[in-house]
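Here's the letter readout for the chains.
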Amino acid sequence: MNLAAMDPTTYDAQLEEKRIKLEKIFADFDTPNLEVFSSEPAHYRMRAEFRIWHEGEDMYYYMFDKALDSKVRCDQFLPASQLINDMMPALIAELKQNTMLRHRLFQIDFLSTLSGEILVSLLYHKQLDEQWQAEAKTLKETLATKFNVNIIGRARKQKFIFDKDFVIESLQVNGEQLQYHQIENSFTQPNGKVSVKMLEWAIDVTKESTGDLLELYCGNGNFSIALAQNFDRVLATELAKPSVESAQYNIKINEIDNLQIIRMSAEDFTDAMAKKRSFRRLEGIDLDSYNCNTIFVDPPRAGMDPDTVKLVQGYERIIYISCNPNTLIDNLGELSKTHNITRFALFDQFPYTVHMESGVFLERK
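Since the structure is predicted, the reported quantities are computational estimates derived from the model, not experimental observations.

(A) Summary view of the pairing of strand β2 (residues 47-55). Where β2 meets strand β5 (residues 105-112), five bridges bridge the pair, whose relative direction is antiparallel. Note that in β5 the partner of glutamate 49 across the bridge is aspartate 109. Pairing between β2 and strand β3 (residues 58-65): five bridges, direction antiparallel. Counted as the bridge partner of arginine 51 is tyrosine 62 from β3. The loop that links β2 with its antiparallel partner β3 comprises two residues; one of these, glycine 56, has a positive phi angle of about 65°.

(B) Fine view of the pattern of salt bridges. In the structure shown here, the tally under the stated rule is 19 salt bridges. The closest approach of N and O atoms between lysine 140 and aspartate 163, which form a salt bridge, is 3.1 Å. Of this pair, lysine 140 sits in helix α4 (residues 130-143) while aspartate 163 sits in the loop between β8 (158-162) and β9 (166-173), and the two are 23 residues apart along the sequence. Among the ionic pairs, aspartate 204 bridges to arginine 343, the shortest N-O distance being 2.9 Å.

(C) The nonpolar core, seen in detail. If you look at the biggest cluster of nonpolar residues, it comprises 79 residues, and the most contacted ones within it are Tyr61, Leu91, Ile108, Phe110 and Leu122. With seven residues, the single largest contributor to this core is helix α2 (residues 82-96). Taken domain by domain, the makeup of this core includes at least three residues from each of domain 1 (3-41 + 186-364) and domain 2 (47-167). When residues no more than four places from it in sequence are discounted, the contact partners of tyrosine 61 are Phe50, Arg51, Ile52, Val72, Arg73, Cys74, Met87, Met88, Leu91, Ile92, Ile108 and Phe110. Residues Met198, Ala226, Leu227 and Ala236 belong to the second largest nonpolar core, which totals 35 residues.

(D) Broad picture of the domain arrangement of the protein chain. If you check the domain split of the protein chain, you get domain 1 (3-41 + 186-364) and domain 2 (47-167). The centre of domain 1, based on its C-alpha atoms, is set 32 Å off from the matching centre of domain 2. If you look at the interface, domain 1 gives 13 residues, while domain 2 gives 11 residues. Summed over both partners, the interface of domain 1 with domain 2 buries about 820 Å², with 71% contributed by carbon and sulfur atoms. Looking at the side of domain 1 facing domain 2, the largest losses of area belong to Leu3, Met6 and Thr188, adding up to 55% of the total buried there. Linking domain 1 to domain 2 there are one residue pair in polar contact (both at pLDDT 80 or more). Considering only residue class, the side of domain 1 that touches domain 2 consists of nine nonpolar, three polar and one charged.

(E) Here's a closer look at helix α1 (residues 11-25). If you check α1, its first and last C-alpha atoms are 21 Å apart, about what 15 residues at 1.5 Å a residue would give, namely 21 Å. Every buried residue of α1 is listed here: Tyr11, Gln14, Leu15, Lys18 and Leu22. Down the axis of α1, the buried side of the element spans an arc of 100°, and every buried residue falls inside it. Summarising the geometry of α1, the exposed residues directed more than 90 degrees from the buried face are Asp12, Glu17 and Lys24. The inward-facing, buried residues of α1 contact β1 (35-37), α10 (325-335), β16 (339-347) and β17 (357-364).

(F) Main features of the sheet that holds strand β12 (residues 234-238). Spatially, β1-β16-β17-β15-β14-β11-β12-β13 is the arrangement adopted by the eight strands of the open sheet, whose pairing is mixed. Every interior strand has two partners, whereas the edge strands, β1 and β13 (259-263), have only one. In this sheet, neighbouring strand axes are inclined to one another by 15° on average, regardless of whether the strands run parallel or antiparallel. Note that strand β14 (residues 292-297) and strand β15 (residues 317-322) share four bridges and pair parallel. Residue threonine 294 lies in a different strand from β15, and its bridge partner there is arginine 317. Its contacts with the sheet place helix α5 (residues 192-205) against β1, β14, β15, β16 and β17, and it is angled at close to 160° to β16. Contacting β15, β16 and β17, α10 crosses the sheet at an angle of about 160° to β15.

How each quantity is defined
- Residues numbered from 1 in each chain as written.
- Predicted model: local features only at pLDDT ≥ 70, side-chain atom pairs only at ≥ 80, totals over all residues.
- Heavy atoms only, no water.
- Pairing = 2+ DSSP bridges.
- Helix = DSSP H or I, 4+ residues; strand = E, 2+ residues; numbered from the N terminus.
- Salt bridge = Lys/Arg side-chain N within 4 Å of Asp/Glu carboxyl O.
- Core = buried A, V, L, I, M, F, W, Y, C linked by side-chain atoms within 4.5 Å.
- Buried < 20%, exposed > 50% of the residue type's maximum accessible area, 1.4 Å probe, protein only.
- Domains from an automatic or database assignment.
- Contact = heavy atoms within 4.5 Å.
- Buried area = accessible area lost by both parts, 1.4 Å probe.
- Polar contact = N/O pair within 3.5 Å; in protein donor to acceptor, adjacent residues only side chain to side chain.
- Nonpolar A, V, L, I, M, F, W, Y, C, P; charged D, E, K, R; others polar.
- Expected span 1.5 Å × (residues − 1).
- Arc of directions from axis to C-beta.
- Axes fitted to C-alpha atoms, helices over the stretch in contact; angles between N-to-C directions.

If you want it as structure tokens, here you go:
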């Protein structure tokens, strides 16, 4: 991470560079005008991870700066949410004066929300005994006088929770409040406000939909929950067990009655749809009863495998969110043979970095 590049006064310029770069990457495709969704120039990341440096009586957060090829002390961190920045000095002050809690502590992870909750994970190169647990409980109680905080202690084959290992995020999406269970150490969208813009964009491009929606790689149901309003039914798949559990929780707290989550990989689901194999996890689910003419995919950086691309081509309308424009381009090489790109968006999830989150909406030719 290039910490020196994180200057809010340069934000608009760096976003313009991304716009130009993305349009250049897509130059060989017939795309509509690019819709650009900006980030806050500071305090936009809802989560952050820091290594801990011990130096005599002092200890501090640090990150490794690739540009400088060295570690950089981080008493504050511009990309992190204001809540994380408020917590950083308060937490380090308590840890410095507690020999038990600071000993062999090597990393601290923060997960915050726009709704004011924060989760702190303390990672150790030692086993955590009963004395550590007592001190950690006291630390939680002390910090809780100022913050809506929960604490986790992690060591090899150990995990202690004071009092929850998750937060509940509340997002205002088109004026409606959606709640999301976000568990420690699992994937969540890092930029809360840009995540809202992504949800609103996806709702907008599917607002005149008919039939059902299929979503692959659904995570904690982030998009499924928001898009359920536009479809008769939604069927979604996700492989990671913690994410599936969060998605089920989110279905309940948002009172969504037309969404079903299946725990399986996109590749296995592709085989199931092609009737290549039968799966116990699909017992009692009649895939043929779904009238899915729209599919939503938000794959990992590697993009979709060829079989999944072929599956996706079978749908009239495709919403594709990508964290890697290069693999999106590869997949579009096939998808564009059968579909036209009718919406095209850049979401600046990661300011001051080369990473670009993009979205395309495709409709059958």
